[in-house]
Number of protein chains: 2
Amino acid sequence: MYTVGIDLGGTNIAIGICDEDLNIIAKASIPTDKSCGGEGVVAGMAALTKQLMRKNKIDISQIEYVGMALPGSIDSELGIIEYSNNLPFENFPICDEFRKRFNVEKIYIENDANAAALAEALCGVARGVRTSVMITLGTGVGGGVIIDGKIFKGGVNSAGAELGHTVIKAGGRLCTCGRRGCFEAYSSATGLITSTVEMMKELEAKGIPSRLFEIAQRDGKVSAKTAFEAKSMGDEAGTKLVNEYISDLAVGITNMVNIFQPEVLSIGGGVSNAGSELLIPLAKIVDREQYARNNPKKHLLAIAALKNDAGIIGAAGLGRQFYDGKKQR
Amino acid sequence: MYTVGIDLGGTNIAIGICDEDLNIIAKASIPTDKSCGGEGVVAGMAALTKQLMRKNKIDISQIEYVGMALPGSIDSELGIIEYSNNLPFENFPICDEFRKRFNVEKIYIENDANAAALAEALCGVARGVRTSVMITLGTGVGGGVIIDGKIFKGGVNSAGAELGHTVIKAGGRLCTCGRRGCFEAYSSATGLITSTVEMMKELEAKGIPSRLFEIAQRDGKVSAKTAFEAKSMGDEAGTKLVNEYISDLAVGITNMVNIFQPEVLSIGGGVSNAGSELLIPLAKIVDREQYARNNPKKHLLAIAALKNDAGIIGAAGLGRQFYDGKKQR
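Keep in mind that this is a model prediction, so the values were computed, not measured.

## Description of the sheet that holds strand β6 (residues 80–83) of chain B
Hydrogen bonds between backbone groups are what pair the strands of a sheet, and the pairing can be parallel or antiparallel. All names here are of chain B. Taking strand neighbours across the sheet as the criterion, the three strands line up as β5-β6-β7 in an open arrangement whose pairing is antiparallel. Of all strands in the sheet, those with a lone pairing partner are β5 (73–75) and β7 (90–92), marking the two edges. Each strand axis lies, on average, 20° off the axis of its neighbour in the sheet, ignoring direction. Examined bridge by bridge, β6 and β7 share two bridges and lie antiparallel to one another. Within β7, the residue paired with Tyr83 across the bridge is Glu90.

## Regarding the relation of the copies chain A and chain B
When chain A is brought onto chain B, the operation consists of a screw motion whose angular component is 180° and whose axial shift is 0.0 Å, with 0.0 Å RMSD remaining. Accordingly, the operation relating the two chain copies is best matched by a two-fold axis.

## Let's talk about the side chain of Arg179(A)
Relative to the assigned elements, Arg179(A) resides in the loop between β11 (150–151) and α4 (183–187). For Arg179(A), the side chain forms a polar contact with the main-chain oxygen of Val251(B), separated by 3.1 Å. With residues up to four places along the chain from it excluded, the contact list for Arg179(A) reads His165(A), Thr166(A), Val167(A), Arg173(A), Leu174(A), Ala250(B), Val251(B), Thr254(B), Asn255(B), Asn258(B) and Glu289(B).

## Focus on the packing of aromatic side chains
Within this structure, the stated rule accounts for eleven aromatic pairs over all chains. Geometrically, the ring pair formed by Phe228(A) and Tyr245(A) is edge-to-face, given 6.5 Å between the ring centres and 80° between the ring planes. With Phe228(A) in helix α7 (residues 224–232) and Tyr245(A) in helix α8 (residues 236–260), the pair connects residues that are 17 residues apart, well separated along the chain. For the residue pair Phe228(A) and Tyr245(A), the accessibility class agrees, reading buried in each case. Pairing Tyr65(B) with Tyr108(B) gives two aromatic rings, centres 4.9 Å apart and planes at 90°, and the pair type is edge-to-face. Of the two residues, Tyr65(B) sits in strand β4 (residues 63–70) while Tyr108(B) sits in strand β8 (residues 107–111), which places them 43 residues apart along the sequence. You can call Tyr65(B) buried: its relative accessible area is 1%. For Tyr108(B), a relative accessible area of 29% puts it in the partly exposed group. Grouping aromatic residues by their ring pairs yields a cluster made of Phe152(A), Phe260(A), Phe152(B) and Phe260(B). Directly above the ring of Tyr186(A) sits Lys169(A), whose terminal nitrogen or CZ lies 4.5 Å from the centroid.

## Description of the pairing of strand β2 (residues 12–18) of chain A
All names here are of chain A. Burial analysis of β2 places six of its seven residues in the buried class, which makes it a mostly covered element. In this structure, strand β1 (residues 2–8) lies alongside β2, joined through six bridges in antiparallel fashion. Counterpart to Leu8 in the pairing with β2 is Ile13. In this structure, the hairpin formed by β1 and β2 is closed by a connection of three residues. Of the pairings in the sheet, the one linking β2 to strand β3 (residues 24–31) comprises seven bridges and is antiparallel in character. Its bridge partner being in β3, Ile15 is matched across the sheet by Ala28.

## Description of the sheet that holds strand β7 (residues 90–92) of chain A
All names here are of chain A. Across the sheet, three strands lie side by side as β5-β6-β7; this open sheet has antiparallel pairing. The strands lining the two open edges of the sheet, one partner per strand, are β5 (73–75) and β7. Across the sheet, the mean angle separating the axes of adjacent strands is 20° when strand polarity is ignored. Looking at chain direction, β5 and strand β6 (residues 80–83) are connected through three bridges and run antiparallel. Its bridge partner being in β6, Ile74 is matched across the sheet by Ile81.

## Quick notes on the pattern of salt bridges
The final tally for this structure, using the stated rule, is 30 salt bridges over all chains. The shortest N-O distance in the salt bridge between Arg218(A) and Asp219(A) comes to 2.9 Å. Looking at Arg218(A), the relative accessible area reads 52%, which means it is exposed. The partly exposed category is assigned to Asp219(A), whose relative accessible area is 35%. Between Asp309(B) and Lys27(B) there is a salt bridge whose closest N-O contact spans 2.6 Å. With Asp309(B) in the loop between β13 (300–303) and α10 (310–316) and Lys27(B) in strand β3 (residues 24–31), this pair connects stretches of sequence that are 282 residues apart. Judged by its relative accessible area of 23%, Asp309(B) is partly exposed. One salt-bridge network, held together by shared partners, links Glu97(A), Lys100(A) and Arg101(A).

## Observations regarding unusual backbone geometry
One non-glycine residue, Asn91(A), adopts positive backbone phi at about 45°. Along the chain, Asn91(A) falls in strand β7. Take Asn91(A): its relative accessible area is 53%, and that puts it in the exposed class. Its identity is not glycine, yet Lys307(B) carries a phi of approximately 45°, on the positive side. For Lys307(B), the location among the structural elements is in the loop between β13 and α10. The class of Lys307(B) is partly exposed, set by a relative accessible area of 45%.

## Topic: the domain arrangement of chain A
Residue and element names in this part refer to chain A. Partitioning chain A into structural domains gives domain 1 (2–117 + 310–320) and domain 2 (128–305). Put simply, the middle of domain 1 and the middle of domain 2, counted by C-alpha atoms, are 28 Å apart. At the interface, eleven residues of domain 1 touch ten residues of domain 2. In total, domain 1 and domain 2 occlude about 820 Å² of area from one another, counting both sides; carbon and sulfur atoms represent 53% of this. Interface area lost by domain 1 to domain 2 is led by Ala113, Asn114 and Ala117, which between them contribute 53%. Notably, a salt bridge pairs Glu110 with Lys153, separated by 2.7 Å at the nearest N-O pair. Put simply, domain 1 and domain 2 have two residue pairs in polar contact (both at pLDDT 80 or more) between them.

What counts and how
- For every chain, the first residue of its written sequence is number 1, and the numbers climb from 1 along that sequence.
- Chains and ligands are labelled by the order in which they are written, letters from A for the one and numbers from 1 for the other.
- Only residues with pLDDT of 70 or above have their local features reported here, since the model is predicted, and side-chain atom pairs are shown and tallied only from 80 upward, although totals for entire chains, interfaces and linings are computed over all residues.
- For the side-chain quantities, the full set of heavy atoms in the structure was used; hydrogens and water were omitted.
- For two strands to be treated as a pair, DSSP must find at least two bridges joining them.
- Each helix is a run of DSSP H or I of at least 4 residues and each strand a run of E of at least 2, with the numbering of both proceeding from the N terminus.
- Axis lines are fitted through C-alpha atoms, for helices just across the contact stretch, and the angle between N-to-C directions can take any value from 0 to 180 degrees.
- The atoms used to superpose the copies are C-alpha atoms, taken from residues with pLDDT of at least 70 in both, and the fit is least squares.
- For the purposes of these results, a polar contact is taken to be a pair of N or O atoms within 3.5 Å, where, inside protein, one atom must be able to donate a hydrogen and its partner to accept one; residues adjacent in sequence count only when each atom of the pair is a side-chain atom.
- Here, residues are in contact when the closest pair of their heavy atoms is within 4.5 Å.
- Classification of ring pairs rests on two measures: the distance between centres of Phe, Tyr or Trp rings, Trp counted by its six-membered ring, which must be within 6.5 Å, and the angle between planes, read as stacked under 30 degrees, edge-to-face over 60 and tilted in between.
- For the exposure calls, accessible area comes from a 1.4 Å probe over protein chains only, and a residue counts as buried if that area is under 20% of its type's maximum, exposed if over 50%, partly exposed in between.
- Any Lys NZ or Arg CZ that is within 6 Å of a ring centre and within 35 degrees of that ring's normal is treated as a charge sitting over the ring.
- Note on definitions: salt bridges are taken to be side-chain nitrogens of Lys or Arg within 4 Å of carboxyl oxygens of Asp or Glu.
- An automatic or database domain assignment is the source of the domain bounds shown.
- Summed over both partners, buried area is the accessible surface (1.4 Å probe) that two parts give up on being assembled.

Here's what the structure looks like:
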């Protein structure tokens, strides 16, 4: 039997067919076409799934279930996307709509950050571990928490584990959620870009040169990489930006360690591509600051392993989230 | 059958015998005598338990188990107090030591904040609810999290749910844990006292009168009540202190709502005696700020119900923490 994992993003739909050990045996992607609303998006998902199955000579009778990693507030029990920032869904019965076009009984849906955390727990850096946290540093700061091998979804509402929307600097920078000083406002790629742009304005006003300007000009934009690259060239402003970014990130990560004491805390998303440049100084601060620092049992802080496949694997693994020490790959 | 709940504090040992519905049918307390080390404390606990049973004509054969709510880092599986701030315990095998003096097979031990959260979930304001959080505003800020009817203990170490040691103001006030800007540093009774003392120094330096001075003089000290009482008299400085205190508290509480989306979040500890003076303005901010604020499913923010009995009831209930919709009172 196979499972289908669908990773629905605001830009692309990525679909994978996985074997029972969650190896992706085939995958494909298409741009997300939002022009025909939610139903159009679902039609695209179903069509691509069928095409991929045909190409790989897999019959629908061989599909155990379909899993979907979806952006936004998800009611997994009712099979509904309550709300999505970047997609035309509002209280949209995505499971029923998909089933109209693809005749499978079992469909699991989950928030994409939660699915990515599950993927890391099933097949990635948190493999074989009961309690883990994944923090995704992308446009926002996503959070997923795995407790006893299962996604922790929160008690009420479909919005538990919104780890990015915890304030680390009361009264600070305005966050997209409306609060001031959220972890996300500082530690997302967007947060780092904001800091870089602010710094460049300041340098410009003072007439101080910096590698930041050259890099931004070469790339045609300021990105989360700009500061890291300037730092690697020994640039003073770049170094300051990266150090401050890591210092703020460490505050948020240490908070999560003190709350969850996870066996593994993995870091994914675009900023995590900085690798050990990010991880080593970060781990140093977290180890020093965390509450149980004198305890011999350590947390593993790691860069997430599954990169762009995390959504597909997490979606395909949604029916495998009951920890028994065996079912996991 | 009965269960014994022991609430061990730095000042007093409180013991209760509970019936199967966790009603306290008899209780007693003695001062904690630390002069003979950990063994002396345990001897006191065992002696008081026996005395209470004798008085109430209860035989040891009628005791299903003994539960203990203990301050500090607890390894419930090994039956060890790893470390306690206020008591002479370090990697102390409290279950074995107690069993030497009181011949009962089953002993459960738990951190006191976790036990209090369980008590509220079993018999208090979070009764019948699967997911709840309790925040205790006392000398520190304690946190207990109940997920699916069980205490959430964290993945590694015996220090999960250290909700008070999450930074809400990066770089802010120094906390007892060594970090700067912790929730505890602002929202504990100690935090409010610190703010009150700072404010009084400022007023004194400027020669500005305030009710704060009269109240502190009458009581012979500044307490967490000082600011609340001054506010109730219309005092400007008192009002400012209470408003700032509630504003910071709301930051920490909203963080926990965004992480756990608890059905009930209860507030206990000394400061919670301020009741609706605290709760109403607090709930207003949390409702406005929390991530799922547009969702119709609301969280109940409540003052904890069990007050000084929470430790005894939580300890006595440690063997009852498997949610099945029936076992709970």
